[in-house]
Amino acid sequence: MQQALVDTLLAQATPAERTVTVLSESKVFAGSALEARDPRALEALFPDAVDVRLAPAVLGRTATVTPARGDVPPAGLLVWREDACEHVRVLSGRCPAGAGEILVSEADVENFGLDIGSTRTVNPGIEGEPGVRLEVVGTYAPRDEEWWQGTRLVGISNVFPGLEPSANHDAWLTTEETFADAPILTRETSQAGAPLLAATAGVEEVIALGDEQRTMARDLRTMAEDLQVDSGLDELADDVRSQVRQAHRTVPLLVAPMAVLAIYVLWLVLSAATAQRRGEVAVARLRGRGPAGAAALLLLELLPALVVGVVPGAAVALAGGAVAAAVLPGDTPFEVAPGFATTVLIAVLALVLTALAAAVRTAREPVHEVIRSGPVPSRRWALGAPDAFVVACAATGVLAFVSGSLQGPLALAGPALLALLAGLLLAHVTVPVASATGRRLLRRGRLVSGVSLLETGRRRETRAVVAVITVASALAVFSIDALVIGERNRVNASEHDAGAPVVLGVAGRDLDTVRAALGVADPTGRRATPVLLARDTLAVEPAEFSRIAFFPRGAPTPAQWRAIAPPDREPVVLRGARFSLDVTSGDELTAADVFGSDVEVNLALVVTPSTGARRTIALGPLPPPGASRTLVGTSAECAGGCRLAAVQLTTAQGVVIGGDLELTDLRADGKPVEWGTSAEDWNPTEEESTLILPLDSGTSGVLHLQLAVSGLYPVELRPSWVPRTVPALLPTKPEDPLGLVVTGVDGTDRPAEAVGRVVLLPAMPRRAALVDLDAVTRGQDITFDTRTEVWLVDDPELVEAVVAALGERGLAVTDVRRYATIRQSYEDTVASWSLALGAAVAPAVMLLALLVLLVLAIIGWRSRARNLAILRLNGAGPRTTRRLAVWAQPPAVLVGIVGGVAAGLAGALLAMPDVSFLPSPPDTPVIDVATSWPAVIWVAAVCLVVLPSVAALAGLAVARRADLERARESS
């Protein structure tokens, strides 16, 4: 299991994470610079303890270069790797051979005209140094991704048009001489990267390498500031170590109780075997051999068979290991673990001690008890000294378990202790209760039921049956419940981490272009939706998002979705290039700085020509107090239409403004604009040092404002189309005493209002907010603080269409996150494999319980058959004796099943919070330990059908052998 874990984690890791890379970064200071070190010097820094576990290092240099000329010059990597041409396909031209020669991608040729022979001069990293001339000598396509150690070569080339155009080029491959002859380039680094050797990827080796790599990184940081170690092997080693600890907790939780139950079954079998030799023991005792001699006589018969049985048992264990190696992922070779021989010796010791205990128990019985059939158990509530000791120990453990005193791995032993205690108590209660009930039923004339219960109370094996069936049923319920709960929580975690079946990261912030691309790729609008993530704020389109996204712990209700909708108001649309507004200053309007001098205050309109793009149309200064003025501004961007986002006032910081202001007759290209001028059409601005209060003027078409501003500028008055506070759904209760805020799409805090609670927000941390995309983007800029994503269903054709539609509009897909991939990563963990043992433990304990029933049936079939024959001689009919035989064992079995299911449920309720369902504790409440009632009912139904049926069939077999001749046999 541990080796499969290492193989899986290495397979899931990126090439960069599987590589130990020593980096040296150039430094540029005022008046001086520090060049990156020679890669060969970096290679020499690998300690021997690390180097012996790694493949030969790949040497390289990297920098970020941008051509000095061009309308939108692309930025990207300039890369040298030793023997790089052996790990790419040269599509045209030749490989670089001298300084300044580069290979480019076919996409760069198409996007930037980088044909063979073309040149570009790129800027150096030090101001004032000459540029570096680069000449294209060929084109390439990457191959051998593993060798490039995570360096992304292609798929980056693109031009991003729009309001803030930019461009990126793919990696340009060059020679080392290019770096050596040029001045220091931007973010220039040198490196030596050595990947992990597959031959040294064992559990101990990976853990040791992670520790050694961490020590190496610490030593190099101490040596020089420009040196650093980049690798994911230290985190991978920590993950392996953590999950191995989980295996040491979870596997014993499921397997150890089953092993104890198996030993108890062995005890019963050996007790039956020694009971069959009571005659020989009695003879030996009468001849003076004593208890020790009688025990030796029994051991001579038992031990050879037991020891010989170890051989096929060990073979079965090896076969099981081979099956596990074949089933678990990775290339785990079949091998005999170092502890296998020790385990076999422990098994032999357990067999010998159990046989010795059974032999001594029979040999030490009084001779008169040995001569007869053996002691008859008491039918009253009574505990012998051994039973009382076991009950006291189990009760102490259960009490500590229930009270929470058992912590960590010890807490996981709680379910087994609880099942054992329940089994022992039920076993001792069943005997007197069954006897009393049987006598009561007989007095009422209920022959079959009365005799069956009396037989249940009289037989010595009743307590063993009840205890074993209780423990077996409890373990079966607990193991299957844990298995199903683990599956549920892995699904929860996978859905939460993924957010949706497929999530595409999009480069750029042009939301309208993203929507246009989705409209082409998904005309239905039901299978793909845009999403914005601003730090801890998830902005979505509710109708589409609710159909696509995962909500593993419960989705918002329709009422909650409606509650986060933006205000139901239409925006003011400005369409034109020239805008005018009549402004009248109140007689008492003042604008003065700290010295009391009058200061000019400028007024502007804030508009959004597209979603997430704010522009300011400056109109001019306010008129003097008591005067009126028509302010005019222009903006070519609003020719196709802009939405009014705010009226803005700007002036010098610290200026105090007070008084009234009236705005009227807003026009675009000379045409009147319909805009609201009542108080309800605008949101008052009420902040610590800012008050802009819209008032009803009583005159149609006039917006009257009361101003009291003494804070930072600019200040804005927003129309009620822009929500004053953002309605949000939260996974946690808001705790900010100053009021709830969420991160806006412009990266600033926005006042918010909690309108509902959900347990989890998909792909978001514990403290996050779910808001309406339209509500949070109205009148706002979408800045670099916000990520753009597309969430969609897992349809390959749809994904391909969306990527193509985005690419045609200049938007590149930067990353892809899939639920199926994340789901598989949770499946390939020790937590998953350990809990999967429940699928084997439940059938195994059921088989042990069946074995107990069959062994007990074989032990006592002769005496029961003789009793039934005597009943027939006394007038009982075959049907009656058959019913008595069939119902001899089921009452005790049914009591054990009911008690076991109850004990299993109680144990699961108390222990599940301590079970490791995931490879590491989650940061969000994805874990749901509620009982899986379908699984419990299924296990209980199987127990109620299989175990009583086997007991009844065993009784029926005894009844068929209860012929009248059995009555003549001696007891």
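Predicted model, so just to flag it, every value in this text is computed and none were measured.

A few words now on the packing of aromatic side chains. Two aromatic rings are characterised by how far apart their centres lie and by the angle between their planes. Enumeration over the complete set of coordinates arrives at seven aromatic pairs. When the centroid spacing of 5.0 Å and the interplanar angle of 55° are considered together, the rings of Phe-550 and Tyr-819 count as tilted. Of this pair, Phe-550 sits in the loop between helix H17 (542–548) and helix H18 (558–563) while Tyr-819 sits in helix H21 (residues 819–827), placing them 269 residues apart in sequence. Residue class for Phe-550 comes out buried when judged on its relative accessible area of 16%. Three or more aromatic residues link up through ring pairs in this structure, and these residues are Phe-545, Phe-551, Trp-561 and Trp-791.

Mapped onto the elements of the fold, Thr-151 is located in the loop between strand S9 (132–142) and strand S10 (158–160). Residue contacts for Thr-151: discarding those within four places in its chain leaves Leu-77 and Arg-81.

What follows covers the confidence of the model for the protein. The predicted model of the protein averages 85 in pLDDT, with 91% of residues at 70 or higher. Confidence, expressed as mean pLDDT per element, reaches its minimum in the protein at helix H12 (residues 385–403) with 60 and its maximum at strand S35 (residues 769–772) with 96. A low-confidence stretch, residues 374–379 (pLDDT under 50), is modelled with 18 contacts involving residues beyond four sequence positions or located in other chains.

Let us now look at the sheet that holds strand S15 (residues 502–506). Each strand in a sheet pairs with its neighbour through backbone hydrogen bonds, running either in the same direction (parallel) or in the opposite one (antiparallel). Taken in spatial order, the nine strands of this open sheet run S33-S34-S32-S35-S17-S16-S36-S15-S37, and their pairing is mixed. Strands at the two margins of the open sheet, each flanked by one partner only, are strand S33 (741–743) and strand S37 (813–818). Across this sheet, the average inter-strand angle for adjacent strands is 35°, counted without regard to direction. Pairing between S15 and S37: five bridges, direction antiparallel. In the strand pairing of S37, Leu-504 is matched with Val-816.

All right, on to the state of the cysteines then. Under the definition given, this model contains two disulfides. With a sulfur-sulfur separation of 2.0 Å, Cys-638 is cross-linked through a disulfide to Cys-642. Note on the Cys-638 and Cys-642 pair: the S-S dihedral is about -100°, so by sign convention the disulfide is left-handed. What links to what in the protein: the bonded cysteines, counted in sequence order, pair as 1-2, 3-4.

This part covers a negative patch on the surface. A cluster of acidic residues, Glu-43, Asp-48, Asp-51, Glu-82, Asp-83 and Glu-86, forms a negative patch at the surface. Within the secondary structure, Glu-82 is located in the loop between strand S5 (76–81) and strand S6 (88–93).

Turning to the pairing of strand S36 (residues 786–792), a few remarks are in order. A large share of S36 lies buried, amounting to six of its seven residues. Here S15 pairs with S36 via five bridges, running antiparallel. Bridging across to S36, Val-503 finds its partner in Trp-791. Direction of pairing for strand S16 (residues 528–534) relative to S36: antiparallel, over a ladder of seven bridges. Pairing of Leu-532 across the sheet is with Thr-788, part of S36.

Another point: helix H16 (residues 511–521). Helical geometry note: an α-helix holds 3.6 residues per turn, so side chains three or four residues apart project in the same direction. Among all positions of H16, only Leu-511, Thr-513, Val-514, Ala-517, Leu-518 and Ala-521 are buried. Seen from one end, H16 has its buried residues packed into an arc of 160°, which puts them on one side.

Mapped onto the fold, Thr-788 is located in strand S36. Apart from residues no more than four positions distant in its own chain, Thr-788 is found in contact with Leu-504, Gly-505, Val-506, Gly-508, Arg-509, Val-514, Val-531 and Leu-532.

The rules we used
- Residues numbered from 1 in each chain as written.
- Predicted model: local features only at pLDDT ≥ 70, side-chain atom pairs only at ≥ 80, totals over all residues.
- Heavy atoms only, no water.
- Phe/Tyr/Trp six-rings, centres within 6.5 Å; stacked < 30°, edge-to-face > 60°.
- Helix = DSSP H or I, 4+ residues; strand = E, 2+ residues; numbered from the N terminus.
- Buried < 20%, exposed > 50% of the residue type's maximum accessible area, 1.4 Å probe, protein only.
- Contact = heavy atoms within 4.5 Å.
- pLDDT = per-residue confidence, 0-100.
- Pairing = 2+ DSSP bridges.
- Axes fitted to C-alpha atoms, helices over the stretch in contact; angles between N-to-C directions.
- Disulfide = S-S within 2.5 Å.
- Patch = residues over 30% accessible without salt bridge, like charges linked within 9 Å, V, L, I, M, F, W, Y side chains within 5 Å.
- Areas by Shrake-Rupley, 256 points an atom, 1.4 Å probe, with all protein chains shown as cover.
- Salt bridge = Lys/Arg side-chain N within 4 Å of Asp/Glu carboxyl O.
- Lys, Arg positive; Asp, Glu negative; His and termini not counted.
- Charge placed at Lys NZ, Arg CZ, Asp CG, Glu CD.
- Arc of directions from axis to C-beta.

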